[in-house]
Amino acid sequence: MSSNTTSVPGNINYRKSTNILELSYADGTRLELEAELLRVYSPSAEVRGHGAGQETLQTGKKDVRILDIQPSGSYAIKICFDDGHDSGLYAWEYLYELGLHKDAFWKDYLRRIEEAGASREPSLISIRQL
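Worth saying up front: this structure is predicted, and the values here are computed from it rather than measured. (Residues numbered from 1 in each chain as written. Predicted model: local features only at pLDDT ≥ 70, side-chain atom pairs only at ≥ 80, totals over all residues. Heavy atoms only, no water.)

Enquirer: Requested: an account of the pattern of salt bridges, with residues and values cited.
Expert: Pairs can form between side chains of opposite charge once their charged atoms are near each other. Applying the stated rule across the entire model yields 13 salt bridges. When the shortest N-O distance is used, the salt bridge between Glu22 and Arg15 registers 2.4 Å. With relative accessibility at 28%, the residue Arg15 sits in the partly exposed group. The shortest N-O distance in the salt bridge between Glu32 and Arg30 comes to 2.4 Å. You can call Arg30 partly exposed: its relative accessible area is 49%. (Salt bridge = Lys/Arg side-chain N within 4 Å of Asp/Glu carboxyl O. Buried < 20%, exposed > 50% of the residue type's maximum accessible area, 1.4 Å probe, protein only.)

Okay, here's the thing in structure tokens:
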């Protein structure tokens, strides 16, 4: 997928206090994406798998935070999360799509969590890679 100018943000800000990534576009559009949503919909193979039906449901990510955001060429950013996940490259089009359809993505995620009998809450034992 090639980048179009509509989906390329002019500014990217991470508001630590609210745990939200804010994307601003030249046409005045402003999209807000929660760190949890970005984490559970990571475009990485670890989350998406290598084909349809190979996705891995991400659980316990309610309190995940962004540690770092790095540019990746002129087409994407790499987001590093405090749970150690850092392998997804978020292309401009993908971020734009997540932001525009955030409510549908949330509903789908909550439905899948419920169907799996899982939880967004982190486990009681904190395990992190150092």
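Enquirer: Tell me about the packing of aromatic side chains, and name the residues and values.
Expert: The tally for this structure, following the rule as stated, stands at five aromatic pairs. Note on Tyr41 and Phe105: the rings are 4.9 Å apart at their centroids and 75° apart in plane angle, and the pair reads as edge-to-face. Within this pair, whereas Tyr41 is found in the loop between helix H1 (35-40) and helix H2 (45-48), its partner Phe105 is found in helix H4 (residues 102-115), the two being separated by 64 residues in sequence. Neither Tyr41 nor Phe105 differs from the other in exposure class; each is buried. With a centroid separation of 6.3 Å and 35° between ring planes, the pair formed by Tyr90 and Tyr94 is classed as tilted. Assigned by exposure class, Tyr90 and Tyr94 land together as buried. Cluster of aromatic residues (ring-pair linked, three or more members): Tyr41, Phe105, Trp106 and Tyr109. (Phe/Tyr/Trp six-rings, centres within 6.5 Å; stacked < 30°, edge-to-face > 60°. Helix = DSSP H or I, 4+ residues; strand = E, 2+ residues; numbered from the N terminus.)

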